[in-house]
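Single-letter residue listing:
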Amino acid sequence: MAPIDGPRLPARSRHTRQLVVFLHGYGADGNDLIEIGRQWQAWLPDAEFVAPHAPERCTQAPTGRQWFPLTMRDPAERWTGVVKARPTLDAFLDAELARTGLDDGKLALVGFSQGTMMALHTGLRRARAPAAILGYSGLLVGPEHLGEATARAAAGRPPAVLLVHGDRDTVIPVDALFDAAESLGKAEIPAQWHLSMGVAHGIDGSGLTHGGQFLAQSFGRPTPR
């Protein structure tokens, strides 16, 4: 299992008290999301941001990366993929937390598309719950396996979850947001959601604002204006 790495942004305050990990989508790499960190630094001055490149070259976009192959839009294929990719991501998160001297309670996972699949699958199965999972334009893989999603904070709470989706997304239709929120709710993992009107498979300014507010609240910081 080769280690993964990617671009980083240090904490603006120079004192790292939180870690935000971006998980990119299929065919992209860590450079696709890391700049979002700059937009959130004013709200999260003590957060370090890192966006690892996924471990595999993308079969459909040779210059990009993939967390796992996507060939047939098959739920079984996606389940196999997230299960196989999780140990690599878990090892990266463990190493980053050790490096920064933080624990999972100071960790947030932010995914886009395939990265959201990984954020939900991995974050909900950590030994201790991360502070937050923020998923853009993704879906919940294997809702029938949510009995495995036992990650809880010291107080017994699951991680905070926010799902953001464009109502005009044709790559992963918006029904995926509502299906995920419903499945998580049945598993006693409450999920907030935000619908970005007129947005396709992407992130707009409203989605970024809601995401930044959510992370600040999850880390116990003042709500950004």
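Residues numbered from 1 in each chain as written. Predicted model: local features only at pLDDT ≥ 70, side-chain atom pairs only at ≥ 80, totals over all residues. Heavy atoms only, no water.

As recorded in an unreviewed UniProt entry, the chain goes by the name Phospholipase, listed as coming from Lichenibacterium minor. In its Sequence similarities (unreviewed entry) section, the UniProt entry covering the chain states "Belongs to the AB hydrolase superfamily. AB hydrolase 2 family." (UniProt positions renumbered as here; feature names shortened; annotations may be inferred.)

(A) The sheet that holds strand 7 (residues 132-136), seen in detail. Ordered in space as 1-3-2-6-7-8-9, the seven strands form an open sheet in which the pairing is mixed. This sheet does not close on itself; its edge strands, each paired only once, are strand 1 (8-9) and strand 9 (191-196). Pairing of strand 2 (residues 18-23) with strand 3 (residues 47-50), which is carried by four bridges, proceeds in the parallel orientation. Bridge pairing in strand 3 places valine 21 opposite valine 50. Against the sheet, helix 4 (residues 175-186) contacts strand 8 (160-166) and strand 9, and its axis sits at roughly 160 degrees relative to strand 8. Against the sheet, helix 5 (residues 205-218) engages strand 2, strand 6 (107-112), strand 7, strand 8 and strand 9, with an angle of about 170 degrees to strand 7. (Pairing = 2+ DSSP bridges. Helix = DSSP H or I, 4+ residues; strand = E, 2+ residues; numbered from the N terminus. Contact = heavy atoms within 4.5 Å. Axes fitted to C-alpha atoms, helices over the stretch in contact; angles between N-to-C directions.)

(B) Structural context of unusual backbone geometry. Located in the positive-phi region is serine 113, a residue other than glycine, with phi close to 55 degrees. Among the secondary structure elements, serine 113 is positioned in the loop between strand 6 and helix 3 (114-123). Phi is positive for serine 137, close to 50 degrees, though the residue is something other than glycine. According to the relative accessible area criterion, serine 137 is buried, its value standing at 1%. (Buried < 20%, exposed > 50% of the residue type's maximum accessible area, 1.4 Å probe, protein only.)

(C) Representation of the environment of valine 141 within the structure. Within the element layout of this structure, valine 141 appears in the loop between strand 7 and strand 8. Judged by relative accessible area, which is 6%, valine 141 ranks as buried. Discounting residues that sit within four places of it in the chain, valine 141 has contacts with Arg78, Trp79, Val82 and Met117.

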